[in-house]
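# Breakdown of the fold
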Amino acid sequence: MSGITRQQPVSETADTDVIAYRLHGNVYLNITSRCTLRCRFCPKFNREWEVQGYLLRLHQEPDVPTILDAVGDPANDREVVFCGLGEPTLRLETLLESAAALRERGAKRIRVNTDGLANWRAGRDVTPELAQHVDALSISLNAQNEALYDRHCRPPETGAWPELLEFVLCAREHIADITLTAIDGLPGVDIDACADLANRFNVKFRRRVLDEVG
Ligand code: SF4
């Protein structure tokens, strides 16, 4: 039995999918359960979809009107954060359209938590498109080198790590607020070395704690 108190989501679909939920003064958007990576530490690969009391497994990917309905009024939220147990840039058009509409409805700040592999998947630089509607990116670095990254994040093929670093360089050109993150406590991950890497890229760094939404 879980010791976590089940939270009340902002809104659910008829299937009770949690699309938007509020924590820490932010509203978080859960728009896909799909990922490019298969991170060993990811709760969903341990059949655990509950994060901070919210069941984040989606049975259906929400369209833009459903996302907007789920958020309601974003004007009082500190940030709108695209973040869930899935990679939001896998639904780039939906993400951009939702972000634009939320901005029109008064969203103060829009952030995307991402694996940083959108350019790799798209075969082009999508960061200028993101920059039109997104104020900040939080990019999962997760390791200080490629071998460790591949071990923990299990990309579908080799080459993800250099693509991730290239994405950081591209994003930096267009989006002012970039943060690299790594999870403290994963075997072999040196948080100071990850922070040094972020420093060399001239972007911010944040140490994360496993299973904490942020
Ligand atoms: S990118 Fe995030 S959601 Fe996807 S597998 Fe890794 S930890 Fe899980």
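All of the points below concern the structure found in this document. Because the structure is predicted, anything quoted here is derived from the model rather than measured. All residue numbers refer to position in the chain's written sequence, counted from 1. This being a predicted model, a pLDDT of at least 70 is required before a residue's local features are given, and a value of 80 or more before pairs of side-chain atoms are given or counted; all residues contribute to the totals for chains, interfaces and linings. Processing note: side-chain calculations cover all non-hydrogen atoms of the structure and skip hydrogens and water entirely.

### Things to note about the side chain of Lys44
Numbering of helices and strands runs from the N terminus, with a helix taken as a DSSP run of H or I at least four residues long and a strand as a DSSP run of E at least two residues long. Secondary-structure assignment places Lys44 in the loop between strand E3 (26-29) and strand E4 (50-51). Using a 1.4 Å probe on the protein chains alone, a residue whose accessible area is under 20% of its type maximum counts as buried, one over 50% counts as exposed, and one in between counts as partly exposed. Neither His nor the chain ends contribute to the count of charged residues, in which Lys and Arg are positive and Asp and Glu negative. Here a salt bridge means any side-chain nitrogen of Lys or Arg lying within 4 Å of a carboxyl oxygen belonging to Asp or Glu. Buried Lys44, no salt bridge; nearest opposite-charge side chain is Glu87, N-O distance 9.1 Å. By definition, residues are in contact when any of their heavy atoms lie within 4.5 Å. Non-local contacts of Lys44, meaning those with residues more than four positions away in its chain, are made with Ser33, Arg34, Cys35, Trp49, Leu85 and Gly86.

### Structural notes on the environment of Phe205
Of note, Phe205 is situated in strand E10 (residues 204-208). On a C-alpha basis, the gap between Phe205 and Ile178 in space is 8.4 Å, while along the polypeptide they are 27 residues apart. When sequence neighbours within four positions are dropped, the list of residues in contact with Phe205 reads Thr179, Leu180, Thr181, Ala182, Ile191, Cys194, Ala195 and Ala198.

### What about the packing of helix H1 (residues 64-71) against helix H2 (residues 92-104)?
The convention used is that axes are lines fitted to C-alpha atoms, helices contributing only their stretch in contact, and that angles between N-to-C directions extend from 0 to 180 degrees. The N-to-C vectors of H1 and H2 enclose an angle of 45°; their axes lie 10 Å apart at closest approach. Classified by the angle their axes make, H1 and H2 are oblique. As for the relative orientation of H1 and H2, their crossing is right-handed in sense. Of the residues in H2, those in contact with Val64, Ile67, Leu68 and Val71 of H1 are Thr94, Glu97, Ser98, Ala101 and Leu102. Roughly parallel covers angles under 35 degrees, roughly antiparallel covers those over 145, roughly perpendicular covers 65 to 115, and oblique covers all other angles. For any helix crossing, the convention is left-handed if the near helix is rotated counterclockwise from the far helix by under a right angle, and right-handed if that rotation is clockwise.

### Digging into the site of the ligand
Think of it this way: one heavy atom of a residue within 4 Å of a molecule or strand is enough to make that residue near it. Around the ligand, the neighbouring residues are Cys35, Leu37, Cys39, Phe41, Cys42, Phe45, Leu85 and Gly86. Charged means Asp, Glu, Lys or Arg here, nonpolar means Ala, Val, Leu, Ile, Met, Phe, Trp, Tyr, Cys or Pro, and polar covers whatever is left, Gly included. Looking at the shell around the ligand residue by residue, the classes come out as seven nonpolar, one polar and no charged.

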